[in-house]
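If you want the building blocks of each chain, they are given just below.
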Amino acid sequence: MENEHSHGCLVCGEELVYDGVPQERECVVCHRRFISDCACPHGHYVCDACHEKGGMTMARAVCLEAKDRDPLAILLRLMDLPDVHMHGPEHHILVGSALLTAYHNCTGKLDLPTALTEMARRGQQIPGGVCGFWGCCGAAISAGMFMSIVTGSTPLKEKEWSMCNRLTAQCLTRIAELGGPRCCKRDSYTAVKTAVEFTARELGVQMEMPKKIVCRFYPQNAQCRGVRCLYNPHHQ
Ligand SMILES: [Zn+2]
Ligand SMILES: [Zn+2]
């Protein structure tokens, strides 16, 4: 099943406009200039070469372009990118990247390009399947990495060390309580929501969140818990 952004702008999700008037446009990923007659209403254009490199190359461009203060809105756009699968270790980078971007947009703090590079470097070290094999979901670790980067935690810090470990722990508790089998979407939504609440409480930074998180990826998940999932549109 196709999701709603399949034919929209890869950066912001808006409907693409083919105006029939070829003009020079700058690719939002590689910043090279090409002639194209297609862009979104915000002028986003991704060149064919970058398009072929796939979702994780574009994830960074999406974050750098995003103005949202809501990390879930950013996360959903990242999940719509090509090569981001229903389940997969790419979520270990996406959760933290969405959080860093929304935190940056709320505070103006954080060197976002550097933070995203560090998030990708750390996140890609988490193998797939660690939720079930190590007892430690990668979406939760990704939220902990967000807190570590924002606070500048290291193994030698005191308060910061405690904060990033506590956030990972709180994410894991909630993820575990919702029950398996693993779902990278459900676990990612839960980690983001937990991180938003934690960041407001501990750092005094209030990111935005929708009142209700509704999943639109569940038809692609063969092991979906259906209406038993908190994020299913028909969950009671
Ligand atoms: Zn756009
Ligand atoms: Zn490009």
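The rules we used
Residues numbered from 1 in each chain as written. Chains lettered and ligands numbered in written order. Predicted model: local features only at pLDDT ≥ 70, side-chain atom pairs only at ≥ 80, totals over all residues. Pairing = 2+ DSSP bridges. Helix = DSSP H or I, 4+ residues; strand = E, 2+ residues; numbered from the N terminus. Domains from an automatic or database assignment. Core = buried A, V, L, I, M, F, W, Y, C linked by C-beta atoms within 7 Å. Buried ≥ 20, exposed ≤ 12 C-beta atoms within 10 Å, placed from the backbone. Contact = placed C-beta atoms within 7 Å. pLDDT = per-residue confidence, 0-100. Expected span 1.5 Å × (residues − 1). Arc of directions from axis to C-beta.

S.K.: Residues and numbers for the pairing of strand β2 (residues 33-39), please.
M.R.: Sheet analysis places strand β1 (residues 17-26) next to β2, joined by 6 bridges and oriented antiparallel. In the strand pairing of β2, Y18 is matched with C38. The antiparallel hairpin formed by β1 and β2 contains 6 residues in its connecting segment, where H31 sits at a positive phi of about 65°.

S.K.: Could you give an account of the domain arrangement of the protein, naming the residues involved and the relevant values?
M.R.: With domains assigned, the protein is organised as domain 1 (1-53) and domain 2 (62-228). Look at where the C-alpha atoms of domain 1 and domain 2 centre, and you get two points 27 Å apart.

S.K.: Any chance you could break down the nonpolar core for me, citing the residues and the numbers?
M.R.: Considering soluble globular proteins, one finds that nonpolar side chains tend to be buried as a cluster. Ranked by size, the top nonpolar core spans 65 residues in total, and within it L75, L78, L99, A143 and V192 carry the most contacts. Taken together, the elements giving at least two residues each to this core come down to α2 (55-65), α3 (71-79), α4 (91-107), α5 (112-123), α7 (138-151), α8 (159-178) and α9 (184-203). Taken together, domain 1 (1-53) and domain 2 (62-228) each give at least three residues to this core, which thus spans both. The contact partners of V192, leaving out residues within four places of it in the chain, are P71, L72, L75, V95, A98 and L99.

S.K.: Give me the lowdown on the environment of T190, citing residues and values where you can.
M.R.: Note on placement: T190 falls in helix α9. Overall, the presence of 27 C-beta atoms within 10 Å leaves T190 in the buried class. Sequence-distant contacts of T190, defined by excluding residues within four places in its chain, comprise C171, R174, I175 and L178.

S.K.: Hey, could you go over the environment of I141 for me, with residue numbers and the actual values?
M.R.: In this fold, I141 is placed in helix α7. Separated by 27 residues in sequence, I141 and T168 place their C-alpha atoms 5.6 Å apart.

S.K.: Residue-level account of the confidence of the model for the protein, with values.
M.R.: Averaged over the protein, the pLDDT score is 92; the fraction of residues at 70 or greater is 97%. With pLDDT under 50 throughout, residues 1-5 is counted as low confidence; its partners more than four residues away or in other chains account for 8 contacts.

S.K.: Mind laying out α5, listing which residues take part and the relevant values?
M.R.: Spanning 12 residues, α5 covers 16 Å between terminal C-alpha atoms, matching the ideal 16 Å at 1.5 Å per step. Within the sequence span of α5, burial applies to A115, L116, M119 and G123. For α5, the angular spread of the buried residues around the axis is 100°, confining them to a single face. For α5, exposure combined with an orientation more than 90 degrees from the buried face picks out P113, T114, T117 and R121. Contacts made by the buried residues of α5 are with α2, α4 and α7.

S.K.: Please give an account of unusual backbone geometry that cites residues and values.
M.R.: Omega for the peptide link from G180 to P181 comes to -5°, which places this bond in the cis form. By secondary structure assignment, the location of P181 is in the loop between α8 and α9. Its identity as a non-glycine residue notwithstanding, H31 has a phi of 65°, on the positive side. Structurally, H31 is set in the loop between β1 and β2. Positive phi is not limited to glycine here, since L110 has a value of about 90°. When you line up the elements, L110 lands in the loop between α4 and α5.

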